[in-house]
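# Commentary on secondary and tertiary structure
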Amino acid sequence: MKDLTNQFLELVRLTATSLPPDVENAIVEAYKNEEEGSAAKGALGTILKNVEMAREKSTPICQDTGTPIFYVHYPEGWSTRKIREQIREAVAIATQKAYLRPNAVDSISGRNTGDNLGDEHYPTIHFEEIGGETLTVDLMLKGGGCENVGAQYKLPDARLNAGRDLDGVRKVVLEAVYHAQGKGCAPGILGVAIGGDRGTSYMASKEALLRKLDEKNDDKAMADFEEKVFDQANELGIGPMGFGGKTTVLGVKAKSTHRLPASYFVSVSYMCWAYRRRRMTVFGDDVTYG
């Protein structure tokens, strides 16, 4: 297989420095919707200026450049070992070029590796073999502040009168948003996973975040759920950065997974307004980014 290190480097640079169009458009619409002279409108205006400057100067959108999480869908016969090596090299170069901040810290010694290369889980790389000849790599940069306000619940939850149904899921998701307040750098985007075990549920909640904000869920019940949670979360009045206002979340993306009869987990991955995710597609000699 070919050496794609430089192409992976460009994926990291683009993800870290240029907000996807659907996210930027959502922030623009939120800015228009807030009251003139309000702290909410001021915060969103500052965010939009920051987004523009980061793109122009090719500098990180946020000083917390996040955990790099790669989702690699590769054709049969490609070497995952070589792909991993090239991704890790690209991450190290991106750190040297200051597209990424050195973030990989050993949890026992407290030592920062200085190049964002930690153990086998850092950066995080998920592999899945697919048919065809196209390599697709999605990258998400997940900041620490928004990761800290993620939550997992198990239903039923008597405290919230939340049962094992979509209404119960709605109640716990809204509680997660309420407790996040401005600490997750609102307005946020919610990735919600229903079911699974504790580990797969959290994984699925992050996978849900890969959907574009303007992408409607194919399942009508889930689409209605996403819309209802979106509307009710924005009625909480938390607003951008917790300053109050009409925009607490920019989107809600949900995913259902199978579970054991004894368990009913709901996982919420909260993404900050710096919703940094990009896709690289390789077919033959053609490489595109979206």
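This is a predicted model, so every value here is computed, not measured. (Residues numbered from 1 in each chain as written. Predicted model: local features only at pLDDT ≥ 70, side-chain atom pairs only at ≥ 80, totals over all residues. Heavy atoms only, no water.)

So, on to the sheet that holds strand 6 (residues 249–256). Spatially, 4-7-5-6 is the arrangement adopted by the 4 strands of the open sheet, whose pairing is mixed. The open sheet terminates on both sides in strands that have one partner only, identified here as strand 4 (151–154) and strand 6. Here the strands of the sheet are splayed against their neighbours by 15° on average, with no regard to which way each runs. Sheet topology places strand 5 (residues 188–194) next to strand 6; 7 bridges connect them, and they run parallel. Within the sheet, the bridge partner assigned to Val192 lies in strand 6 and is Ala254. (Pairing = 2+ DSSP bridges. Helix = DSSP H or I, 4+ residues; strand = E, 2+ residues; numbered from the N terminus. Axes fitted to C-alpha atoms, helices over the stretch in contact; angles between N-to-C directions.)

In an α-helix, one turn spans 3.6 residues, which is why side chains three or four residues apart end up on the same side. With 15 residues, helix 6 (residues 166–180) extends 21 Å between its outermost C-alpha atoms, agreeing within 8% with the 21 Å of an ideal straight helix rising 1.5 Å per residue. Taken residue by residue, helix 6 has Gly168, Val169, Arg170, Val172, Val173, Leu174, Glu175, Ala176, Val177 and Ala180 as its buried positions. Packed against the buried residues of helix 6 are strand 4, strand 5, helix 8 (220–234), strand 6 and strand 7 (265–271). The first or second residue beyond helix 6 is Gln181, which carries a positive phi of 50°. (Expected span 1.5 Å × (residues − 1). Buried < 20%, exposed > 50% of the residue type's maximum accessible area, 1.4 Å probe, protein only. Contact = heavy atoms within 4.5 Å.)

What follows is about the nonpolar core. The biggest cluster of nonpolar side chains holds 52 residues, and the ones touching the most others in it are Ile27, Val169, Val173, Leu190, Val192, Val266 and Trp273. It is helix 6 that provides the largest number of residues to this core, a total of 7 residues. In contact with Ile27, other than residues within four places in its own chain, are Leu19, Leu44, Ile47, Leu48, Leu250 and Trp273. (Core = buried A, V, L, I, M, F, W, Y, C linked by side-chain atoms within 4.5 Å.)

Going from Tyr122 to Pro123, the amide bond is cis rather than trans, its omega being -5°. Within the element layout of this structure, Pro123 appears in the loop between helix 4 (80–96) and strand 2 (124–130). At the junction of Leu155 and Pro156, the peptide bond is cis and its omega measures out at 5° in the coordinates. Structurally, Pro156 can be placed in the loop between strand 4 and helix 6. Unlike most non-glycine residues, Ser58 shows phi in positive territory, near 55°. For Ser58, the position within the fold is in the loop between helix 3 (39–57) and strand 1 (67–75). Although it is not a glycine, Met241 sits at a positive phi angle of roughly 60°. In this fold, Met241 is placed in the loop between helix 8 and strand 6. The class of Met241 is partly exposed, set by a relative accessible area of 28%.

Inspection of the entire model under this criterion finds 20 salt bridges. Where Asp64 meets Arg101, a salt bridge forms, and the shortest distance between an N and an O atom there is 3.7 Å. One end of the pair, Asp64, is in the loop between helix 3 and strand 1; the other, Arg101, is in the loop between helix 4 and strand 2, with 37 residues separating them in the sequence. Arg279 is paired through a salt bridge with Asp138; the nearest N and O atoms lie 2.8 Å apart. (Salt bridge = Lys/Arg side-chain N within 4 Å of Asp/Glu carboxyl O.)

Turning our attention to the sheet that holds strand 2. Strands sit in the order 2-1-3-8-9 across an open sheet of 5 strands; the sheet is mixed. Two strands bound the open sheet, and with one partner strand each, they are strand 2 and strand 9 (286–289). With direction set aside, neighbouring strand axes in the sheet form an average angle of 15°. Direction of pairing for strand 8 (residues 276–283) relative to strand 9: antiparallel, over a ladder of 4 bridges. Bridge pairing in strand 9 places Val282 opposite Val287. Contacting strand 1, strand 3 (135–142), strand 8 and strand 9, helix 1 (residues 5–17) crosses the sheet at an angle of about 155° to strand 8. Packed on one face of the sheet, helix 7 (residues 198–208) meets strand 1, strand 2 and strand 3 and runs near 85° to strand 1.

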